[in-house]
Amino acid sequence: MSALLQVRGLEVHYPIRSGILRRTVGAVKAVDGVDLDVHRGTTYGLVGESGCGKSTLGRALLRLTDPTAGSVHLDGTDVLALGAEELRTTRRRMQMVFQDPLASLDPRQSVESALLEPLAVHRVPGGAGEHRRRVRDLLDRVGLPTSAGSRYPHEFSGGQRQRVGIARALVLDPDLLVADEPVSALDVSVQAQVLVLLEELQRDLGLTYLVIAHDLAVVKHLSTTVGVMYLGGLVEEGPSETLYADPLHPYTRALLSAAPVPDPVAEAGRERILLAGDLPSPADPPSGCRFRTRCPWVQPTRCADERPQLRVLPRHDPDRRVACHWAEEIAEGRLTPGGAGAGPVGVGG
Ligand SMILES: Nc1ncnc2c1ncn2[C@@H]1O[C@H](COP(=O)(O)OP(=O)(O)OP(=O)(O)O)[C@@H](O)[C@H]1O
């Protein structure tokens with residue numbers, strides 16, 4: 001089955017300029033060689049800490065930011081090769097949901113006119129009456145009262161605003177939603193409601209999602225596949241249920257070991273991996289493996305010399321891919337931590 005969204009070798013390098021002449025003196029490698037597939041009707045959860053390039057990747061897919069290399073295909077269409085008019089048509093099929101819906105909504109525009117606008121801009125057939133009916137249906141579908149249409153964005157609570165943001169993203173009947181931190185600005189109880197809404201919409205409308213989050217818990221239940229990003233690249237990818245239960249990359253292990261567990265008994269007995277140091281700058285990433293400066297399992301020479309590519313491990317699930325030279329040795333307990341983050345690996349509590 002071919003993927004609805006296929007990304008290959010995607011790079012977004014932002015130039016660093018200096019001096020009066022604004023000469024380019026370097027580049028922030030925000031996204032630095034990402035391959036991923038998102039299959040129709042599924043959810044791809046993209047996780048990683050702040051600054052790893054998740055938002056840039058999401059924006060680049062929709063060409064809200066210009067990639068410097070690579071390819072993006074939506075249902076076979078080469079998105080990066082499209083001219084302005086074709087891009088406008090293709091954008092109908094992929095829409096973005098933002099963390100802060102207020103920032104993407106005009107405060108002076110009622111919800112109804114904010115939702116009607118894309119229908120007019122894209123000259124969707126049907127006339128004013130038909131468009132209004134569509135907007136009313138959509139407000140109902142996202143759990144807002146019909147009266148919401150005549151109100152303004154600031155009159156809504158955070159959760160309701162995100163419902164408006166989702167309705168706006170859906171008004172053109174897209175195939176793919178790229179949701180960038182869709183619930184991270186919301187209270188935990190409201191987060192769950194919005195995630196449930198996204199699930200219902202996916203089921204009812206056959207949508208495909210790429211959900212971006214820094215919090216692994218947010219994407220766990222929603223995602224079919226999870227990709228873990230570190231400093232511009234994917235370090236691990238796999239089905240949600242196996243990746244969380246059995247992380248293969250040292251970075252994923254560390255992220256999951258830091259996530260709170262509601263059960264105190266499980267909490268007391270589990271491995272905690274604390275990472276040494278800070279996230280290196282994407283303007284000057286480490287050679288070889290980007291994670292090696294913080295990795296408790298780092299080995300001399302190879303980790304610094306050779307950038308590991310995502311690969312399937314022999315004798316492991318073929319749906320899992322990991323970018324670590326030593327993933328098998330670590331998984332099989334043949335390599336003990338002793339590197340950059342050495343010492344903190346142990347039993348927490
Ligand atoms: N327009 C830009 N110009 C230069 N550098 C940028 C620009 N946008 C982002 N960056 C840098 O690119 C890197 C990746 O940023 P990005 O926002 O994609 O990360 P992120 O993982 O989404 O983080 P966050 O969750 O904090 O938004 C960061 O180092 C950031 O400072």
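Just above, that's the structure.
The model shown is predicted, which means the values in this text are computed figures rather than measured ones. (Residues numbered from 1 in each chain as written. Predicted model: local features only at pLDDT ≥ 70, side-chain atom pairs only at ≥ 80, totals over all residues.)

Taken in spatial order, the seven strands line up as β6-β7-β8-β3-β9-β10-β12 in an open sheet, and their pairing is mixed. Two strands in the sheet have a free side with no partner beyond their single neighbour: β6 (94-97) and β12 (321-322). As defined by bridge partners, strand β9 (residues 225-230) adjoins strand β10 (residues 233-239) across six bridges and the pair is classed as antiparallel. Paired with Met-229 across the strands is Leu-234, a residue of β10. (Pairing = 2+ DSSP bridges. Helix = DSSP H or I, 4+ residues; strand = E, 2+ residues; numbered from the N terminus.)

Now for the environment of Val-196. Within the fold, Val-196 resides in helix α7 (residues 188-205). The class of Val-196 is partly exposed, set by 13 C-beta atoms lying within 10 Å. Along the sequence, Val-196 and Leu-222 sit 26 residues apart, while their C-alpha atoms lie 8.5 Å from each other. (Buried ≥ 20, exposed ≤ 12 C-beta atoms within 10 Å, placed from the backbone.)

For any two helices packed against each other, the geometry comes down to the angle between their axes and how far apart the axes lie. α7 packs onto helix α6 (residues 158-170) with a crossing angle of 20° between their chain directions and a minimal axis gap of 10 Å. Considering their axes alone, α6 and α7 lie roughly parallel with respect to each other. Once α6 is placed against α7, the crossing between them reads as right-handed. Taken together, the residues of α7 that come into contact with α6 (itself represented by Gly-158, Gly-159, Gln-162, Arg-163 and Ile-166) are Val-190, Gln-193, Val-194 and Leu-197. Partitioned by chemical class, the residues of the contact of α6 with α7 number four nonpolar, four polar and one charged. (Axes fitted to C-alpha atoms, helices over the stretch in contact; angles between N-to-C directions. Parallel < 35°, antiparallel > 145°, perpendicular 65-115°, else oblique. Left-handed = near helix turned anticlockwise from the far one by under 90°. Contact = placed C-beta atoms within 7 Å. Nonpolar A, V, L, I, M, F, W, Y, C, P; charged D, E, K, R; others polar.)

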